[in-house]
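Here are the chains, one letter per residue:
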Amino acid sequence: MRHLVHADCDRIRSLYEPAVGKVGDIKLQGALLNSLNTMYPTTLTQLARANPFSAPLFSLQKVEEPKQTTSVNGQNRRFAAAAVEEGDSCEFGSQKYFLLCGFGGILSCGTTHTAVVPLDLIKCRIQVDPDKYKSIFNGFSVTLKEDGLRGLGKGWAPTFIGYSMQGLCKFGFYEVFKVLYSDLLGEENTYLWRTSLYLAASASAEFFADIALAPMEACKVRIQTKPGYANTLRECAPKMFGEEGIWAFYKGVVPLWMRQIPYTMMKFACFERTVELLYKYVVPKPRNECSKGEQLVVTFVAGYIAGVFCAIVSHPADSVVSVLNKESGSTAVQVLKKLGPKGVWKGLVARIIMIGTLTALQWFIYDSVKVYFRLPRPPPPEMPESLKKKLGLTE
């Protein structure tokens, strides 16, 4: 092979020298390499790439090379874009996939949080005024007596807008970060460290989701817990801005991170692992043999279980957020000291009922959106064959 290449080099040099005059000319070298690339593309391209003295003026022809592949949660995909599976409307990890996941997040979070506004209203009032609102039933009774049935819907507008934006970032960015971190870890480490992957991806997503949520959450709590301050978002937002400036909408973002990041980490990691365990130990047949309806039932059950744990983990910070947005001059540390160890757990039962139902419905709606738009839905992760061989689990 080497003597053939040298022979062709001499032949091409003899053709170019009369026109140019010397072989050392940069343009001649480029032409020479282009000619050789035509004959020996793979070999010469690799040699040229390895050449430490290559100049940017050298123009090498592109050579088709095998594209790298990796696996995300058991599904093979190319770095550039995943192959479209039969029946799927788009590629796994594509821009369309992430956008539709974000849309699913808007529907799942915006609609569910708005639907439980009455329960959320009572929960917030128990947290900020436990002497007046002693329990869930007492809270409903007092609210109906003072504000009527319409009073139970206070704060629905900022709830819908705020949690729609939060859902867009939470679910959309979760899918983005999950793919990103999985690519960094590789197939085997993705399986071994999948719980840590879910935790890291969900925490990263919620960081941005809370920034989107904070302004509307501040308005919602002010409307619900400060009687006479404002009854609608159109009244509340300008009033808050006029009194305290832009900081009024973001002073609760740190307590929101304290509440929502642990909540979301539990929500996603617990859900993912619960689904895995349900298919492994409870569901009598493999996931690929289950109908879409049966899969959505598993989604709902796993979502409710995850929701109970979410409520417990995030409740103390939720109490701080509620009081902080009611008392304009307080800080998170001052509110925490004021509430004490027992005060931060006020309204926990209401929150468990609310968050358990909420989380189950969110996952059900989100998964339903994926089914409706025929998005790729990878099955629960399985140990890669390469890892099985390393561990001696296969022959």
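Residue indices begin from 1 for each chain and proceed along its sequence in written order. It should be noted that, the model being predicted, local features are given only for residues of pLDDT at least 70 and side-chain atom pairs only at 80 or more, the latter also being counted only at that level, while totals for whole chains, interfaces and linings use all residues. Side-chain measures were taken over the full set of non-hydrogen atoms in the model, leaving aside hydrogen atoms and water.

**A closer look at the pattern of salt bridges**
Put simply, the test is: Should a side-chain nitrogen of Lys or Arg be within 4 Å of a carboxyl oxygen of Asp or Glu, the pair is scored as a salt bridge. The secondary structure listing takes helices from DSSP runs of H or I that are at least 4 residues long and strands from runs of E that are at least 2 residues long, numbered from the N terminus. The buried label goes to any residue with under 20% of its type's maximum accessible area, the exposed label to any with over 50%, and the partly exposed label to all in between, with areas taken from a 1.4 Å probe on protein chains only.
Tallied over the full model, the rule gives 17 salt bridges. For Lys220, the salt bridge goes to Asp120, with nearest N and O atoms at 2.7 Å. Taken together, the residues span a long stretch of sequence, with Lys220 in helix α9 (residues 194-225) and Asp120 in helix α5 (residues 117-128) at a distance of 100 residues. The exposure class assigned to Lys220 is buried, which follows from its relative accessible area of 2%. We classify Asp120 as buried; its relative accessible area is 8%. Residue Lys178 pairs with Glu272 through a salt bridge whose shortest N-O separation is 3.2 Å. Note that Lys178 is positioned in helix α7 (residues 156-185) and Glu272 in helix α12 (residues 253-282), a separation of 94 residues in sequence.

**Concerning the confidence of the model for the protein chain**
Parts of the model with low pLDDT should not have their predicted coordinates read in detail. Cut-off, in case you're wondering: What pLDDT expresses is the predictor's confidence in each residue, scored from 0 to 100. Between two residues, a contact is recorded if the distance between any of their heavy atoms is within 4.5 Å.
Here the protein chain averages 79 in pLDDT, and 77% of its residues register 70 or above. At the low end of the mean pLDDT range in the protein chain sits strand β2 (residues 75-78), at 40; at the high end sits α7, at 95. Every residue in residues 1-5 is under pLDDT 50, and counting partners more than four places away or in other chains gives four contacts. Here residues 35-83 is modelled with pLDDT under 50, and outside its nearest four sequence neighbours on either side it reaches 75 contacts, counting other chains as well.

**Considering the packing of α5 against helix α6 (residues 136-147)**
Note the threshold: Axes, fitted as lines to C-alpha atoms, cover a helix only where it is in contact. Angles between the N-to-C directions of the axes lie from 0 to 180 degrees. Each angle gets one of four labels, with under 35 degrees taken as roughly parallel, over 145 as roughly antiparallel, 65 to 115 as roughly perpendicular, and the rest as oblique. Ten residues, namely Ala, Val, Leu, Ile, Met, Phe, Trp, Tyr, Cys and Pro, are considered nonpolar, four, namely Asp, Glu, Lys and Arg, are considered charged, and the remaining ones, Gly among them, are considered polar.
The contact between α5 and α6 brings their axes to 10 Å, and the two run at 105 degrees. As judged from the angle between their axes, α5 and α6 are roughly perpendicular. From α5, Pro118, Leu119, Leu121, Ile122, Arg125 and Ile126 reach across to α6, where they touch Ile136, Gly139, Phe140, Thr143 and Asp147. Grouping the amino acids of the contact of α5 with α6 by side-chain chemistry returns seven nonpolar, two polar and two charged.

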